[in-house]
Amino acid sequence: MSDGKLYLTGVKPTGELHFGNYIGAIKQACDLSQDNKMIVFIADLHALNAVRDAGVVRENTYRAAAVIMSLGFNMDNVLLFRQSDIDAVYKLTELLMNVTPKGLMDRAHSYKAMVDKNTAAGVDADAGVNMGLYTYPILMAADILLYDTDIVPVGADQKQHVEFARDIAGHFNAIYGNMFKLPDVRILPNAGVLPGLDGRKMSKSYDNEIALMAPQSELKKKIMRIITDSKTPEESKDPEESTIFQIYRHFATDDEVVRFAEMFRAGGMGYGTAKTILFEKLDSVLAKKRERYEYLMTHRDEIDAALAHGAEIARKIADKKIAKIMKAMLG
Ligand code: ADP
Ligand code: TRP
């Protein structure tokens, strides 16, 4: 049932979306879209602090949009567009700079992680830090505040950014009156961190990911490459320790999950068999979605049309809001 609130989330187009992105962030938004009004945008401006090739940004934007259009979001409830198509978001970012304390940016996890890495490497603390990275949370606050968002479903690592958006809105409202809604973050309680092929967090940075829309043969190959321990088929295994099980549990029914866990504990199932079971489950859940994804990637005019249509509607909302904000700040 809809709670009458507006949900909003952004998907950063930095490569092929993988199972970790899906479980940690996108699945929650997909589920919420079934009964709620939702804005989903492709956050291409957010990719610019790291991706330097316009062709790559464009290609990844198509991929991300095609994933959103094929995963089973309720598109009747979703307003989908490309962030860079909305001029008001650039304006609002600039305007919010003036009410954002610098200290807030200094505390941002993503920036601090770079500083820590640089410090450990014995180089200048700000080496490789551009202002796009440093002010990233302000752009993200603009994304959220521009549309009077109530709730922001995101992965756990984005929680701080949403809290910053709330802080920034508070600073603005204290000076200029009640302009912005204070957004709430929503994180799936038990999404956890999905492990990748080598057992570490699945991440593009570790090159251990499985692309959500990988073709069937690649999906199979990747699953067969999941690293396991050296237990023999006969030995009992702990499902909680197994990457195979950790992925499976997000895609199967509750009964199937209980049964698979029992098979791990009982012994008698080798990892090869477990991988085949995982592959068959993923393949059956994803086959239709992958088909639609592949169709869209070869019919990009349909993606263009969907994004253009979404942008037209989003622009109307955003233009009205930015006019009010500019009036409040500039008279
Ligand atoms: P990557 O680590 O591959 O660069 P991103 O940082 O672009 O992925 O992640 C985008 C979103 O997906 C984030 O909100 C994050 O919470 C979620 N996410 C990424 N990897 C995982 C994972 N292994 N487990 C759970 N969530 C993840
Ligand atoms: N920063 C988010 C990520 O890296 C993507 C994003 C950009 C976003 N703007 C947003 C998410 C606004 C929620 C709301 O995953």
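Model, not experiment: these values are computed from the prediction.

Student: Help me get a handle on the domain arrangement of the chain, residues and values and all.
Tutor: Along its sequence, the chain is organised into domain 1 (6-193 + 300-330) and domain 2 (213-293). Look at where the C-alpha atoms of domain 1 and domain 2 centre, and you get two points 33 Å apart. Counting residues at the interface gives twelve residues for domain 1, matched by ten residues for domain 2. Summed over both sides, the interface of domain 1 with domain 2 buries roughly 1100 Å², with 65% coming from carbon and sulfur. For the pair domain 1 and domain 2, the number of links is zero salt bridges.

Student: Residue-level account of the pairing of strand E2 (residues 37-42), with values.
Tutor: Within E2, five of the six residues are buried, which leaves it mostly tucked inside the rest of the structure. Both strand E1 (residues 6-11) and E2 contribute to a ladder of six bridges, which runs parallel. Each residue of the ladder has a partner; that of Val-11, found in E2, is Ile-42. Note that the unit made of E1, helix H1 (residues 19-33) and E2 has a crossover that is right-handed. The sheet contact formed by E2 and strand E3 (residues 78-82) spans five bridges and is parallel. Bridged to Ile-42 within E3 is Arg-82.

Reading the values: the criteria
Residues numbered from 1 in each chain as written. Chains lettered and ligands numbered in written order. Predicted model: local features only at pLDDT ≥ 70, side-chain atom pairs only at ≥ 80, totals over all residues. Heavy atoms only, no water. Domains from an automatic or database assignment. Contact = heavy atoms within 4.5 Å. Buried area = accessible area lost by both parts, 1.4 Å probe. Salt bridge = Lys/Arg side-chain N within 4 Å of Asp/Glu carboxyl O. Buried < 20%, exposed > 50% of the residue type's maximum accessible area, 1.4 Å probe, protein only. Helix = DSSP H or I, 4+ residues; strand = E, 2+ residues; numbered from the N terminus. Pairing = 2+ DSSP bridges. Right-handed = clockwise from strand over helix to strand, strands pointing away.

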